[in-house]
There are 2 protein chains.
Amino acid sequence: VSAADRRRFSGTRCVVTGGLGFIGSNVALALADAGAEVTVVDALVDGHGGDAANVDGSAVRVVIADVGDVGAVAPVVTGADHVFDLAGQGSHIAGARDPERDFDLNAVARLRFLEILRRARPGGPTVFASTRQVYGRPATLPLTEDHPPRPTDVNGVAKLAAEYLHLLQDDGSVILRLSNVYGPRQHLRRDDLGVLPVFFRRALRGEPLVVFGGGADARDALYVEDVVEAILVAALTPEAAGRVMNIGHEEHMALWRMAELIAAASPAGPPVVAGDWPLEHARVDVGSVYTSSSLATEVLGWQPEVPFDDGVARTLEWFAQHPERYDG
Amino acid sequence: VSAADRRRFSGTRCVVTGGLGFIGSNVALALADAGAEVTVVDALVDGHGGDAANVDGSAVRVVIADVGDVGAVAPVVTGADHVFDLAGQGSHIAGARDPERDFDLNAVARLRFLEILRRARPGGPTVFASTRQVYGRPATLPLTEDHPPRPTDVNGVAKLAAEYLHLLQDDGSVILRLSNVYGPRQHLRRDDLGVLPVFFRRALRGEPLVVFGGGADARDALYVEDVVEAILVAALTPEAAGRVMNIGHEEHMALWRMAELIAAASPAGPPVVAGDWPLEHARVDVGSVYTSSSLATEVLGWQPEVPFDDGVARTLEWFAQHPERYDG
């Protein structure tokens, strides 16, 4: 979205679920910067990476509530111009530990939320942040949207069910299947929210980066500003309604190489070392996986702008200015 | 399954969820006839078509419980040789009226059930009865398994989520996507369990058969004994584990023609008349839809044996002997 396009959000009422989380807060702040009146709905579910500090000092309004709580959510979405549904359990490990809770948070609460939306009839298509993890183990690479989904855990099933629930909306939501995202405001303190935040935390603290299983598996990684861009342009593109689109990066590389680049870019410059898979991680390993975003380029005119080394540098710089986000 | 193959169930312990329902009870009785020790688990959820009379006079043991009730279900499935998961909300109309309840019954309870199975580790792959309705509106006909699913209502999303949950099982369940099924023990009294049972009830009562929307849309219909056969052979075919297969009929015809055949075969011989779609039915209409079972033929060696006119005659004959099942 050009700066001019971002101004199209000026004066609009926007709702961001999960808006205290990593991606959600970056979207909320970008909308507020563009002049939108932004309300975030976030339950601050323990372990999901939500942090009220993420929107501190901004004009973003915060409603602490479950997205399925009709009393809290209906007044917020009624009359909204844009809805961004970015809430959700993102930890596959936590999902494996308590599948029913994961399913409840990602699918059942979302069903309730969509019922609230249906009645409130906000304007425009809702944008839903899904994940490339719905594909499971790739049969072909890069993953395109016609690759059959076959999730490998309950978290993936819940996310896929959430996609299909979104597609039932009268207008059809825009479904974005995100690759691994990193950047400012990511929750770095936990070990179960993905491999990249663990790499960044260890790099910032000067601790060795441990790569499991040899690190030969490739990934594509997205700097969060590229993701924010995709989400905003999706909301402004009527033809995107009812579409399912990968949001990934054409630059993909082995996890070992990602670890090396992150470690080398950190002032502390810690070593990268090999480790064995912890048992509960091995269960959700899917080999190399990266996606093609050519459909998103066609429909949205979007493509990622930030190469990995640049995104890493910007991420380390932001956290260096916010040591409370990775220390202790 | 030949008679000899059916004897392979002799002395085995079999569990059938939804075993008081239409398909479930036919499976349970067939297993009991083959000499299996059969336990059905059925919550007799109001409006689902379950009826304790379905297994009256048989050796089938009945446990009235929700499939997600670990205290009731764990002892039943522990040490079981075969598990047939045939429970579930089958009414799209009821699902539209109370989506959250539908989702809870079809997806959330199933997640709990599968957790129970995972711990109890019964032998062999579980057979799960899904529905061709997970495909939604067909882009091509006949529907094959590589047609992307795109459910058109919450019931379809819940069934699809249930499939993906089943595929997470260590061995992988066998997923059978059933076309419209009819036959003995079907619940005929409600209007929201499909068009065929309504046709049969009206034919038996001598009431006009009302066909909505012109009746030009085609369907394939399966006599329940063909479905029982598919389910039993799936349980005896190790290569079927983790496969998703259509179970349909190569004979497909316009709904109007089906109504005519049913009406003509009934002694009462009522007329077939045109009617307008009730509003809540129109929401889930998907046009012509029928599936190819060639994958099931390849993997299971199964194909339907009962042509529609023969199945209709047998169904009417059974109900004529059980007037309490459609009268009053």
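Sequence positions are assigned chain by chain, starting from 1 and proceeding in written order. Written order decides the labels, with chains lettered from A and ligands numbered from 1. Where totals are concerned, whole chains, interfaces and linings use all residues; where local detail is concerned, this predicted model gives features only for residues with pLDDT of at least 70, and gives and counts side-chain atom pairs only at 80 or more. Side-chain metrics in this entry use all non-hydrogen atoms of the structure; hydrogen atoms and water are not considered.

Caption draft 1: The arrangement of the packing of helix H5 (residues 99–120) of chain A against helix H6 (residues 154–167) of chain A in detail. Residues and elements named next belong to chain A. Direction vectors running N to C along H5 and H6 enclose 5°, while the axes themselves pass 8 Å from each other. Between H5 and H6, the angle falls in the class roughly parallel. Contact residues: H5 offers Pro99, Asp102, Phe103, Asn106, Ala107, Arg110, Leu111 and Leu114, while H6 offers Val154, Asn155, Val157, Ala158, Lys159, Ala161, Ala162, Leu165 and His166. A class-by-class count of the residues in the contact of H5 with H6 yields eleven nonpolar, three polar and three charged. Angles shown run from 0 to 180 degrees and are taken between the N-to-C directions of axes, each axis being a line fitted to C-alpha atoms and, for helices, limited to the stretch in contact. Starting at the N terminus, helices and strands are each numbered in turn, a helix being any DSSP run of H or I of at least four residues and a strand any DSSP run of E of at least two. Convention used here: angles under 35 degrees read as roughly parallel, angles over 145 as roughly antiparallel, angles from 65 to 115 as roughly perpendicular, and any remaining angle as oblique. Two residues qualify as a contact provided that any one of their heavy atoms is within 4.5 Å of a heavy atom in the partner residue. Throughout, the ten residues Ala, Val, Leu, Ile, Met, Phe, Trp, Tyr, Cys and Pro are labelled nonpolar, Asp, Glu, Lys and Arg are labelled charged, and all others, Gly among them, are labelled polar.

Caption draft 2: Quick look at the side chain of B:His82. Assignment of secondary structure puts B:His82 in strand S4 (residues 82–85). The contacts of B:His82, once residues within four sequence positions are left out, are B:Phe9, B:Thr12, B:Arg13, B:Cys14, B:Val15, B:Gly123, B:Ala235 and B:Leu236.

Caption draft 3: Here's a closer look at the interface of chain A and chain B. Counting residues at the interface gives 22 residues for chain A and 22 residues for chain B. Counting each side, the surface lost to burial between chain A and chain B is near 2,000 Å², with a carbon and sulfur contribution of 71%. Put simply, a salt bridge is a Lys or Arg side-chain nitrogen that is within 4 Å of an Asp or Glu carboxyl oxygen. Taken together, the links from chain A to chain B amount to two salt bridges. Across the pair A:Arg112 and B:Glu100 runs a salt bridge, and its minimum N-O distance is 2.8 Å. Pairs of N or O atoms within 3.5 Å make up the polar contacts considered here, provided that, within protein, one atom can donate a hydrogen while the other can accept it, and that residues adjacent in sequence are counted only when both atoms are side-chain atoms. Where chain A packs against chain B, one counts six residue pairs in polar contact (both at pLDDT 80 or more). Those elements that place two or more of their residues in the side of chain A that touches chain B are H5 and H6 of chain A. By residue number, the principal contributor to the side of chain A that touches chain B is H5(A), which donates eight residues. Tallied by class, residues from the side of chain A that touches chain B come to 15 nonpolar, two polar and five charged. Note: buried area is the sum, over both parts, of the accessible area (probe 1.4 Å) each one loses when the two are combined.

Caption draft 4: Broad picture of empty space enclosed by the protein. Residue and element names in this part refer to chain A. Using a 1 Å grid laid over the protein atoms alone, points where a 1.4 Å probe fits but cannot get out form a cavity; open sets with protein on both sides within 12 Å along at least 5 of 7 lines form a pocket; any residue with an atom within 4 Å of a point counts as lining. Grid points are joined across faces, edges and corners, and a volume is the space filled by probe spheres set on the points. Taken as a whole and assessed by the stated rule, the structure comprises two cavities of 30 Å³ or more. Of the volumes computed, that of the largest cavity is approximately 40 Å³. What lines the largest cavity is Phe212, Gly213, Gly215, Ala216, Asp217, Leu255 and Trp277. Lining of the second largest cavity is provided by Arg219, Asp220, Ala221, Glu251, His252, Met253, Met258 and Phe308.

Caption draft 5: Main features of the relation of the copies chain A and chain B. With an axial shift of 0.0 Å and an RMSD of 0.0 Å, the rotation relating chain A to chain B amounts to 180°. In short, the pair behaves as if placed about a two-fold rotation axis. Of every C-alpha in chain A, the one belonging to A:Ala161 sits nearest the axis of rotation, 2.9 Å from it. Of the residues that chain A buries at the interface, 100% are likewise interface residues in chain B, meaning the two copies contact each other through the same surface. Superposing the copies works by least squares over the C-alpha atoms of residues that have pLDDT at least 70 in both of them.

Caption draft 6: Here's a closer look at H5(A). Residue and element names in this part refer to chain A. Expected span, for any helix, means 1.5 Å times one less than how many residues it has. Taking 1.5 Å of rise per residue, the 22 residues of H5 would be expected to cover 32 Å, and the 30 Å separating its terminal C-alpha atoms lies within 8% of that figure. Working definition for bend: take the seven residues up to and ending at a residue and the seven starting at it, fit an axis to each, and measure the angle between the axes. At leucine 105, H5 shows its maximal bend, which comes to roughly 35°. Exposure classes here rest on a 1.4 Å probe applied to the protein chains alone. A residue is buried below 20% of its type maximum, exposed above 50%, and partly exposed in between. Taken across its 22 residues, H5 has 16 buried, putting it largely inside the fold. One or two positions beyond H5, positive phi appears at arginine 121, with a value near 50°.

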